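Summary of the model geometry
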Amino acid sequence: MRQPQVLAIDCGTQSVRCLLIDPVTGAHEVGAAEKLALKIKGPQQIEIDPVELVAATVRVLRATIARNGQAPLCIGITNMRESAIAWSRDTGLPVHDGIMWMSQQSQNIVARWDQDGLAPLIRQKTGLSNHTFFFGSKVAWLLEEKPELAAMAKAGRLAVGTIDSWLLYSLTGGTTHATDVSNASRYQLLNLHSLDWDDDLPEALGIPRATLPEVLPTSSQFGLTDPEHTGYRIPITGMIGDQQGSLLGHGCDRPGEAKATFGTSCVVSANYGENASAAEGLVTSVAWSTSEKAAVYEMEGSAFHCGYTMSWLSRMLSPQATINIELERSHLTSSQRVYLVPSFTELGAPRWPKGSGAMISGLRMDSDPSDIIRAGIESMAFQAFDLVKAIPGLLSNGQALSVDGGGACNNYLCQLLSDLTSKAIVRPPSRELTALGAARVALRTFGNDLPAGPAVTVPPDYFHPSEEQSYAADGFYHWEELIARNLDCRRPAGDGGADTI
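Summarised in this report is the structure supplied together with it.

**Let's talk about the overall build of the protein chain**
Secondary structure assignment for the protein chain yields 16 helices and 26 strands. Its C-alpha radius of gyration of 22 Å places the protein chain within 12% of the 23 Å reference for a compact globule of 501 residues. If you line up the protein chain on its principal axes, its C-alpha atoms span 65 × 60 × 40 Å. At a minimum sequence separation of 6, the contacts of the protein chain that also span at least 24 residues come to 73%. Within the structure as shown, the protein chain displays about 18,900 Å² of accessible surface, and the carbon and sulfur contribution to it stands at 51%.

In structure tokens, the structure reads:
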């Protein structure tokens, strides 16, 4: 009989997937996948059906187990972060649709916390900003919007958690209400130093501590799956947020190593080792841990809708053009270039502008769709560079930057990013790096890990700084000026020093 496989559940914004990973070689394949449907209830209210989310996860799990033909060794879970789900402790059923990470209906909560002077406290203790992006304001909004849920919370009859916590609770048949420390560090409630819920913040933010899950290391014995769901009692031994999972999947185990993911957003994450450091416009989170008392930290920034730009261009202009386009650059002058700022709802880190609305500038009588496509792809590189140079020490450390996600498949984007950062850009052959990170934390519970360099038939792609660096720098300068003129936001300080939280 062959080696039992590790199963990795990757629950993202648009789909849930299950992968089979060989713990000895690191070879991996997708067992099954399903798309997820979001509920757009308004321009600022985006939600998801928690029951269907679990049903889809169970279906891909069962299909993958059937494909494998034997009980797996263990399960690792990685997931979109910050999304909030609430359910009844009495029935185990959700009491409201899940509030997605990009949903912004809690703006009034965030504004009030600012007025009450809570923003510095949140920043100091959790490493996060006071923003609708994070879990805390979503739950606070829900408890204020639904007084009956607030009453349940006070009575100890309500449970809340991120996607990982809800999946864990459901897959274990309601026996485990827990989260891992990487996801917990996105709640606005976790003390980065104690690695547990803060003593003061739950009460200050109006979220009863009794509603929150237990916080465990990313590598832990989280529980056993209910055989009704999976056919076996399978140990769930790893959980990790998707961006931290991607960082680990890229092999960024050492301080200073970083990756950029071009998914729906662009997230640049850097391993900061045992230092919980902070920088303006960015956030600090727990990357992973194998101990309840020690953790590896990461600094990151998320540029909203950066990767969505590619989808938007495909839908509006040409599905194939954005995928296959390979552009010449040097012959375009500044006056000939078109610029796009993808602030569809908000630009995000590191500038955090007040106001929204995407912009296209520089259209001429002879402009055609390829000019707009070029501008969109360049804007993705500009946003990634904006994040890289905002992370202290990252621009100057000489280490390569690893990239992944759908947008990273575009060679023009990768080359432009190399020219902007003066770094080598490495694009690994696998597109399942987030799932590989989940497999790694699951195996670490047993004292094992995936091999440092899983056998692959295709080598990574490398992009090195070219002679066109002045073209890249000039484009970024004009893109920055466009933002400064039209959006109320600060100009990042650049590659300065980091502060300790």
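**Focus: empty space enclosed by the protein**
Summed over the entire model, instances satisfying the criterion amount to four cavities of 30 Å³ or more. Computed from the structure, the largest cavity encloses a volume of approximately 70 Å³. As for the largest cavity, its lining consists of Trp101, Met102, Ser103, Gln104, His131, Thr132, Phe133, Phe304, His305, Thr345 and Glu346. In terms of residue class, the lining of the largest cavity is built from four nonpolar, six polar and one charged. Of the voids in this model, the second largest cavity is the one considered here, and its volume is about 50 Å³. Contributing to the lining of the second largest cavity are Phe133, Phe134, Arg186, Gly281, Leu282, Val283, Glu300, Gly301, Ser302, Ala349 and Trp352. In terms of residues, the lining of the second largest cavity owes the most to one element, strand S20 (residues 296-303), which gives three residues.

**So, the pattern of salt bridges**
Scanning the entire structure with this criterion turns up 29 salt bridges. The salt bridge partner of Glu52 is Arg59, with a shortest N-O separation of 2.6 Å. For Glu52, a relative accessible area of 38% translates into the label partly exposed. Taking the shortest distance from any N to any O, the salt bridge between Asp253 and Arg440 comes out at 3.0 Å. Pair noted here: Asp253 is in the loop between helix H10 (242-249) and strand S16 (258-262) and Arg440 is in helix H15 (residues 433-444), with a separation of 187 residues, a long-range link. On the accessibility criterion, Asp253 (33% relative accessible area) is partly exposed. Residue Arg440 is classed as buried on the basis of its relative accessible area, which comes to 12%. Through salt bridges with shared partners, a single ionic network connects Arg81, Glu82, Arg186, Asp242 and Glu300.

**Some points on the packing of aromatic side chains**
All chains considered together, the criterion is met by 12 aromatic pairs. Ring geometry for Phe135 versus Tyr187: centroids 4.0 Å apart, planes at 35 degrees, classification tilted. Of this pair, Phe135 sits in helix H4 (residues 135-145) while Tyr187 sits in the loop between helix H7 (181-184) and strand S11 (190-191), and the two are 52 residues apart along the sequence. Taken individually, Phe135 and Tyr187 each receive the classification buried, so the pair is uniform in this respect. Pairing Trp166 with Tyr169 gives two aromatic rings, centres 6.3 Å apart and planes at 15 degrees, and the pair type is stacked.

**Some words on the layout of surface pockets**
Taken as a whole, the largest pocket encloses approximately 1,600 Å³ of empty space. As for the largest pocket, its lining consists of 50 residues, of which Thr13, Gln14, Gly263, Thr264 and Ser265 are closest to the centre. When residues of the lining of the largest pocket are traced back to their parent elements, those giving at least two are strand S2 (15-21), strand S4 (38-42), H10, S16, helix H11 (308-316), helix H12 (321-324) and H15. Its residues assigned to classes, the lining of the largest pocket comprises 17 nonpolar, 25 polar and eight charged.

**Focus: helix H2 (residues 107-115)**
Among the residues making up H2, those that are buried are Ile109, Val110 and Trp113. Angularly, the buried residues of H2 cover 95 degrees about the axis, an arc narrow enough to put them on a single face. In this fold, the buried residues of H2 make contact with helix H3 (119-126), H4 and helix H8 (201-205). Gly117 sits one or two residues past H2 and shows a positive phi near 75 degrees.

**Some words on the sheet that holds strand S19 (residues 283-288)**
In spatial order, the strands read S19-S20-S17-S16-S23-S24-S25; together these seven strands make up an open sheet with mixed pairing. Sheet topology places S19 and strand S25 (461-463) at the edges, where each strand pairs with a single neighbour. Across the sheet, the mean angle separating the axes of adjacent strands is 30 degrees when strand polarity is ignored.

**Things to note about the environment of Ser185**
Relative to the helices and strands, Ser185 is located in the loop between H7 and S11. For Ser185, a relative accessible area of 2% translates into the label buried. Note: C-alpha distance between Ser185 and Glu82 (103 residues apart in sequence) is 9.5 Å. When residues no more than four places from it in sequence are discounted, the contact partners of Ser185 are Thr126, Leu128, Leu190, Leu192, Gln244, Ser285 and Val286. In terms of polar contacts, Ser185 uses its side chain to reach the backbone carbonyl oxygen of Ser182, at 2.7 Å.

**Comments concerning the sheet that holds strand S8 (residues 98-99)**
With antiparallel pairing, the three strands of this open sheet are ordered in space as S4-S5-S8. Two strands bound the open sheet, and with one partner strand each, they are S4 and S8. The pairing of S4 with strand S5 (residues 45-48) spans four bridges and is classified as antiparallel. Bridge assignment links Gly42 to a residue of S5, and that residue is Gln45.

**Focus on the pairing of S5**
Between the antiparallel neighbours S4 and S5 lie two residues. Note that S5 and S8 share two bridges and pair antiparallel. Note that in S8 the partner of Ile48 across the bridge is Gly98.

**Quick word on unusual backbone geometry**
With omega at 0 degrees, the peptide bond leading from Ala349 into Pro350 counts as cis. For Pro350, the position within the fold is in the loop between strand S21 (339-341) and strand S22 (359-361).

**Here's the deal with the packing of helix H13 (residues 369-390) against helix H16 (residues 469-486)**
Orientation of H13 relative to H16, taken along the N-to-C sense of each, is 85 degrees, at an axis distance of 10 Å. Taken together, the axes of H13 and H16 lie roughly perpendicular to each other. Residues Arg374, Glu378, Ser379, Phe382, Gln383, Phe385, Asp386 and Lys389 of H13 form the contact with H16, whose own contacting residues are Tyr471, Ala472, Gly475, Phe476, Trp479 and Glu480. Partitioned by chemical class, the residues of the contact of H13 with H16 number six nonpolar, three polar and five charged.

Cut-offs applied
- Residues numbered from 1 in each chain as written.
- Predicted model: local features only at pLDDT ≥ 70, side-chain atom pairs only at ≥ 80, totals over all residues.
- Heavy atoms only, no water.
- Helix = DSSP H or I, 4+ residues; strand = E, 2+ residues; numbered from the N terminus.
- Rg over C-alpha atoms; globule rule 2.2 N^0.38 Å.
- Contact = heavy atoms within 4.5 Å.
- Areas by Shrake-Rupley, 256 points an atom, 1.4 Å probe, with all protein chains shown as cover.
- 1 Å grid on protein atoms, 1.4 Å probe; cavity = no way out; pocket = protein on both sides within 12 Å on 5 of 7 lines; lining within 4 Å.
- Points joined across faces, edges and corners; volume = space filled by probe spheres on them.
- Nonpolar A, V, L, I, M, F, W, Y, C, P; charged D, E, K, R; others polar.
- Salt bridge = Lys/Arg side-chain N within 4 Å of Asp/Glu carboxyl O.
- Buried < 20%, exposed > 50% of the residue type's maximum accessible area, 1.4 Å probe, protein only.
- Phe/Tyr/Trp six-rings, centres within 6.5 Å; stacked < 30°, edge-to-face > 60°.
- Arc of directions from axis to C-beta.
- Pairing = 2+ DSSP bridges.
- Axes fitted to C-alpha atoms, helices over the stretch in contact; angles between N-to-C directions.
- Polar contact = N/O pair within 3.5 Å; in protein donor to acceptor, adjacent residues only side chain to side chain.
- Parallel < 35°, antiparallel > 145°, perpendicular 65-115°, else oblique.

Just distances and angles here, no functional claims.
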